[in-house]
Amino acid sequence: MDIKVNFKAGGSFVELPPQFSSNAENVYIAWKNRILGYSTKTGAQFAEFRGIKDRIVGFGVHYYDSYECVTACSCSGEIITWKVVTFFKLLTKTIKERNIKTFHVIQSEGAPRALISFKQDGKIVFQIIELTLEISHNCGLTITPYHYQVDVSSDKYFAVVQKLSLNVVSFKDVLKAYTFCIDSPREFTCVACHPENEIILTGDSAGRVVVWQRIFTSKPSKAVFHWHTLPVKCLGFSTSGSYFYSGGDESVLVRWQLDNHYERKFLPRLASTIAQIRVSPNNALVAIATNDNAVRIVDPRFENVSLIQNLVIGDSYETGIVVDPKTKALIMNGNVGQIQFYSSCDNSLLYNVDVVGQNKVSSERNCNIENTQVSKIAISKNGLWLATVESRRDPDYSSELRLKLWKFDVTIQSFKLNTWMEDLHENHIHALAFQPLETVDDLKLVTVGGDKKFNVLHLTETETANSKSEIWMGLWVGFYHDLPCKDLSFSIDGSLVAVTFGNTVTTWLPDHGDLKCVLSHPMCKKDITHVEFGTSNQCHLLVAASSERLCVWNLLTLTMVWTVPVNVSILIADTVTTNMAIITKDNMVFVFAPISPEPVFSSDKLLKKSGSIYAAAFVPSRQSNDTKLQWYRRSPIFVLDAKKELFSLGADEENLDTPREIQEISKSLFSMTIPQSQTDKNKSTKSVEHFYLKDIGEKNMKKYLEAPIQTMIPIRIMCRTLLTSMVLQKP
Amino acid sequence: MGSFKKLNSKIYEKTTSVITPDSIYWKQLGTPVLVKEFGTVDYINFSPVEPYFFAVTCSVRVQVYNPITKLVAKNLSRFRENAYGAVFRSDGRLLCAGSEETHVKLFDVSTKNLLRLFKGHSAPVHRTYFVESRPQIVSFSDDKSFKIWDIPTEKNILSYSDHSDYIRAGATNSIIPDLVLSGSYDHFVNMYDTRTNQKVLSVNHGSPVECVLFLPSANVFLSAGGTEIKVWDVTAGGRLLKSISQHHKTITSLKLACDNKRLLSGSLDRHVKVYDISNFKVLHSLNYQNAILSMDISQNNDILAVGLIDGVVAVSRREETVKVKKDDKKTISWKHPSKSFQPTVDSVTPCLNHEKETKHDKCLRKFEFSKALDSVLLPYVANKTPQVTVSLIHELIKRRALQKAFTGREQKSVAQILRFFIRNITEPRFAKVLIDAANIFVDTFEDSPLIMDPEIAKLLLSLTQLLKEETAIANDLSQLQGAMCMILAGAAQQKTAAVGANLRPVHHNLIPSIDAQKDLIININ
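Residues numbered from 1 in each chain as written. Chains lettered and ligands numbered in written order. Predicted model: local features only at pLDDT ≥ 70, side-chain atom pairs only at ≥ 80, totals over all residues. Heavy atoms only, no water.

Caption draft 1: Structural view of the interface of chain B and chain A. In this assembly, 23 residues from chain B lie in contact with 32 residues from chain A. Interface of chain B and chain A: buried area, both sides summed, is about 2,600 Å²; carbon and sulfur atoms make up 51% of it. The tally of links from chain B across to chain A stands at five salt bridges. Residue E364(A) pairs with K404(B) through a salt bridge whose shortest N-O separation is 2.9 Å. Across the contact surface, chain B and chain A share nine residue pairs in polar contact (both at pLDDT 80 or more). If you list the elements that add at least two residues to the side of chain B that touches chain A, you get α5 (386-398) and α8 (428-445) of chain B. (Contact = heavy atoms within 4.5 Å. Buried area = accessible area lost by both parts, 1.4 Å probe. Salt bridge = Lys/Arg side-chain N within 4 Å of Asp/Glu carboxyl O. Polar contact = N/O pair within 3.5 Å; in protein donor to acceptor, adjacent residues only side chain to side chain. Helix = DSSP H or I, 4+ residues; strand = E, 2+ residues; numbered from the N terminus.)

The structure is reproduced here in structure tokens:
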């Protein structure tokens, strides 16, 4: 079987600062092993520079032979320079040093140079390399291999901060390093160099920004700019260097004036904490990279210009992956208190829905503040109703637990809040599911809570004399022997609901609350954590999984059909086929049909590298209706791992690597004189050739189309003659 | 970047009923004036002519009240025993009433003279009605019969005795005077046609009938008894159209109002409910302090009189709020630019209407927690919209800032906080947050010299006392709930046992007795 792990989305977008082109029209962002180019005006992607195999550790935009180029370096020492206009590789080079940690292009008039740092013999060594030649100069600075930050001031000097020390090295005399220290407990967190002058900014863990001047003397002068309470995470100088920006975990961008620390301007309430700041060379734009995997481009007056947003990376992925039946989008946790709709077909973020509707509160210096998070999502079969559970676990005081029900409003094409319920359960809602019915009236929703009870809600109409409105109301509450309940599943027709209680599975009628059967076996000792009903011809089978075994029950005979000892961490069911999949604690994948214990597919290698798996789901693909295709082409499994990267287990996809159409972005006078399309009059026009000749197939076609439906022979008999009539027949 | 999201106080808001035009209309009736009578009020009837005097029948007399002054205008007390069911004739001049002494009495309202005395019933007569446009009276009696009397001759014309129990309800129709309804404690409502002298229709209400009512068209009638009102279709031969059960105790009276567009029902559960006659949905509900025995509304819907079981008549009168229309004065001020002026500039900057930000939102935005708490502890906010105060306290707890906001307060402000706790901590919707807040309060002020202040100490003591009482109540209630759960579980078990008995094969746990074991027969073939 040719099942492969395909990388889909995710991964950090903001590990390296974004880089502007010289005219500030484009911004380049490093993402894993590629550089993406975006237009700053529209936020649309126009280029993708590929070729580097490993993770990029640094890149820069510079001029080479008077062309604007992008140069990137991977951690294994591979350096590629692309020409921006044509996307051609100008230079490729592999340096012999491995374990490259940082890479900075030195902006200068002459031959392109770069500053790299790498780990050698347990120490971090700095080196200046010529990009075109095989020359490198070692610097007279080595530091211990702890976390450090580097910044380069055009072609004058560079600065390195690590823990308590700031090191400055001039490019004129690379062997001499100036080192300055601060007192603990403060530690340096980031550094920025003035583009022209000998001024360095450092941020520290106490939230102060220190401006260092006269740095090539033994006694530099310092000035303190203090506003942040949390550690400063990033700094950015304006091009002329008269003001600078700082950002941190408060999600507030601060603009400081270098000569007056009372003059500051704020951009509050960014969607997430700030990771990187970069000012465009012409001072026209500021790029703010935030930790939700977005780059916001703002102008110096802090007006929004554009937003470049990738798959949102939030703090939690508690909701798992839910597939929206209407758009086939993946619904996941997004920013704090929001959920995102991510389209798996074209790998783009569709939209975010703010579920909680509260301000995000950032932590304070010595107390951690919990924000309300979305913890569970369920969507009805017709995609009309969305249920969200939001919770805030408070260690000291009473917690919050809220169930919200949203209805899709067709006119505004978005979800609208319909009902909310406070503290439906006492502790937590472990699972919730809608009755899988297409009809809207008397739809039911079952929530399984941490208070050993499950709640059945139903959709009713409240009627006053003048208005009618839909509302969700509690119908009944179920419990069984004071056993903890963990999961639930509806049968395919919605007439039966299975709820796990301890090591037993119970089935109930959702309408009246009658207990239909209780399934338990002395072999099952651990609490059952997952339960799923089979679909189509296996709808009488019930799959229950715990941390010790997977077992399948037959509901007609009330017997166990088969059981396998396996430590299940995720159990998912496909909506297209009858397949189900389990992912074990040690990342083995089994795809099986409930009717037989023989797995359809199993692998212990596919997810070996991924670390722990947060969530998984079968996502119907575009060809999901083609029953002839293999299961993994109809609905591949999407997996979200601990690195917050989204993968699919499915057929090998090469379409991601197909080169995009190269857009002409050159706006030179000459290029404008070239017409967009050319016709050559010398060429003779060819007549269009059809696949089949008209006369031959026409009779069969007519027979097929015009015969009354009740007299027609079955299509499977006719099909052959019809198709052969349409096959290309050479005259 | 993102705009500041306002504090959401809706979580703690009371669920309010939707305001409908009907609820506004019925709320205009205002608070009732209470008039004390002797004995229970048996029946109330409004005179159909202005100024809508109403007759209250209670104990041994019928009193006619002036609805405006709420004073007794006439007192008809020529009864030896209890009087029952006094009604006005359609011109308001005559009044007839039944009585314990089995007679039906006809009075002239203006002179209070007894005009006729109809003798013939053998048991108390509870309801009497005039027959519209005929000189006749119908009387419904506890002797299980009802009689039609001719007023001029004082003679009994017709008598029907089909019922097997007391007849306590009846009705005549104003369009077809030949139809008479009788409702009895034997659960049946019968309809008679006096032209054919026959019972036309008989329907089973299901419980003792307390009141019957014709809709004006006479093809539909309603019967009330038990907790249900039933709607019957006459033309379809007594088909049950609808059954309304909105009360949880016996319904005692039915009346039409608002030009027959609304139905009113009074019940022993102390409510008068207003229904839409087209769909019988409840539009409004009026509460009284005691069980309602009778109720009537004047023809212009302005006066509602309700007789209660403790002899109180509650009379409420619609208060017309006259709107004083102010003259539109010409506004000449720099604030109001004249509308005739057309700007002739190149670009116009529109005036942006910024959303108003409340004081506490502004303080929260600027992280001024103490100020924010101050702004919601103002008496106007704390008394009128306690949910705003509670939601701010919740937000401060969430931000771990309540302790900071509590510290550094003066005695007056601390007393304010304590008073807010005392007033609201028992409210279920606030309890969770305020208990947390009170804990933080105690933590903050544990070592503060402020708690030695006599006023603060007093408030703290009363808060403790309140919480003790509350826990005692909660304990009692959970005990009661436990007891109820036992009963419910028992009932459920019996049900399943009953179901099980039908389905399962019967197993027995009998073992053969000693005699049976001894009775051994061995077959030898």
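Caption draft 2: How the structure looks around the sheet that holds strand β32 (residues 338-343) of chain A. Residues and elements named next belong to chain A. Here four strands make up an open sheet; going across it, the order is β30-β31-β32-β33 and the pairing antiparallel. Strand pairing shows two members of the sheet lacking a second neighbour, β30 (322-323) and β33 (348-354), which therefore form its edges. Bridging between β30 and strand β31 (residues 329-333) involves two bridges; their strand directions are antiparallel. Residue pairing across strands places V323 opposite L330, the latter belonging to β31. (Pairing = 2+ DSSP bridges.)

Caption draft 3: Empty space enclosed by the protein, seen in detail. One pass over the structure, following the stated rule, counts three cavities of 30 Å³ or more. When its volume is computed, the largest cavity comes out at roughly 170 Å³. Broken down by secondary-structure element, the contributors of at least two residues to the lining of the largest cavity are β36 (400-409) of chain A together with α5 of chain B. Here the lining of the largest cavity gets four residues from one element, more than from any other, and that element is α5(B). Considered class by class, the residues forming the lining of the largest cavity number five nonpolar, six polar and seven charged. Space inside the second largest cavity adds up to approximately 70 Å³. Around the second largest cavity, the lining comprises 13 residues; the ones closest to its centre are V336(A), G337(A), V356(A), Q358(A) and T372(A). (1 Å grid on protein atoms, 1.4 Å probe; cavity = no way out; pocket = protein on both sides within 12 Å on 5 of 7 lines; lining within 4 Å. Points joined across faces, edges and corners; volume = space filled by probe spheres on them. Nonpolar A, V, L, I, M, F, W, Y, C, P; charged D, E, K, R; others polar.)

Caption draft 4: Representation of the sheet that holds strand β5 (residues 45-49) of chain A. Residue and element names in this part refer to chain A. The strand order across the open sheet built from four strands is β2-β3-β4-β5, with neighbouring strands paired in antiparallel fashion. The open sheet is flanked by β2 (19-20) and β5, the only strands paired with a single partner. As judged from the six bridges shared by strand β3 (residues 26-31) and strand β4 (residues 34-39), these two strands associate in the antiparallel manner. Paired with W31 across the strands is R34, a residue of β4.

Caption draft 5: Looking closely at a nonpolar patch on the surface. The grouping of I473(B), L477(B), L480(B) and M484(B) at the surface amounts to a nonpolar patch, some 390 Å² of accessible area in total. Along the chain, L477(B) falls in helix α9 (residues 454-503). (Patch = residues over 30% accessible without salt bridge, like charges linked within 9 Å, V, L, I, M, F, W, Y side chains within 5 Å. Areas by Shrake-Rupley, 256 points an atom, 1.4 Å probe, with all protein chains shown as cover.)

Caption draft 6: The arrangement of the nonpolar core in detail. With 44 residues, the main nonpolar core has L373(B), I393(B), L396(B), F406(B) and F421(B) as its most contacted residues. Of all the secondary-structure elements, those providing two or more residues to this core are α2 (359-365), α3 (369-377), α4 (379-384), α5, α6 (402-406), α7 (411-424), α8 and α9 of chain B. Counting residues per element, this core draws most heavily on α8(B), at eight residues. Leave out the neighbours within four places in its chain, and F421(B) touches F406(B), L434(B), A437(B), A438(B), F441(B) and L463(B). Counting residues in each nonpolar core, the second largest holds 32 residues, with V322(A), I331(A), V353(A) and I429(A) among its members. (Core = buried A, V, L, I, M, F, W, Y, C linked by side-chain atoms within 4.5 Å. Buried < 20%, exposed > 50% of the residue type's maximum accessible area, 1.4 Å probe, protein only.)

Caption draft 7: Inspection of the UniProt feature "domain: U3 small nucleolar RNA-associated protein 15 C-terminal" (unreviewed entry) in chain B at higher detail. The positions that UniProt labels "domain: U3 small nucleolar RNA-associated protein 15 C-terminal" (unreviewed entry) are, in the present scheme, residues 353-487 of chain B. As annotated, residues 353-487 of chain B has a helix share of 79% and a strand share of 0%, and its two end C-alpha atoms lie 61 Å apart. (UniProt positions renumbered as here; feature names shortened; annotations may be inferred.)

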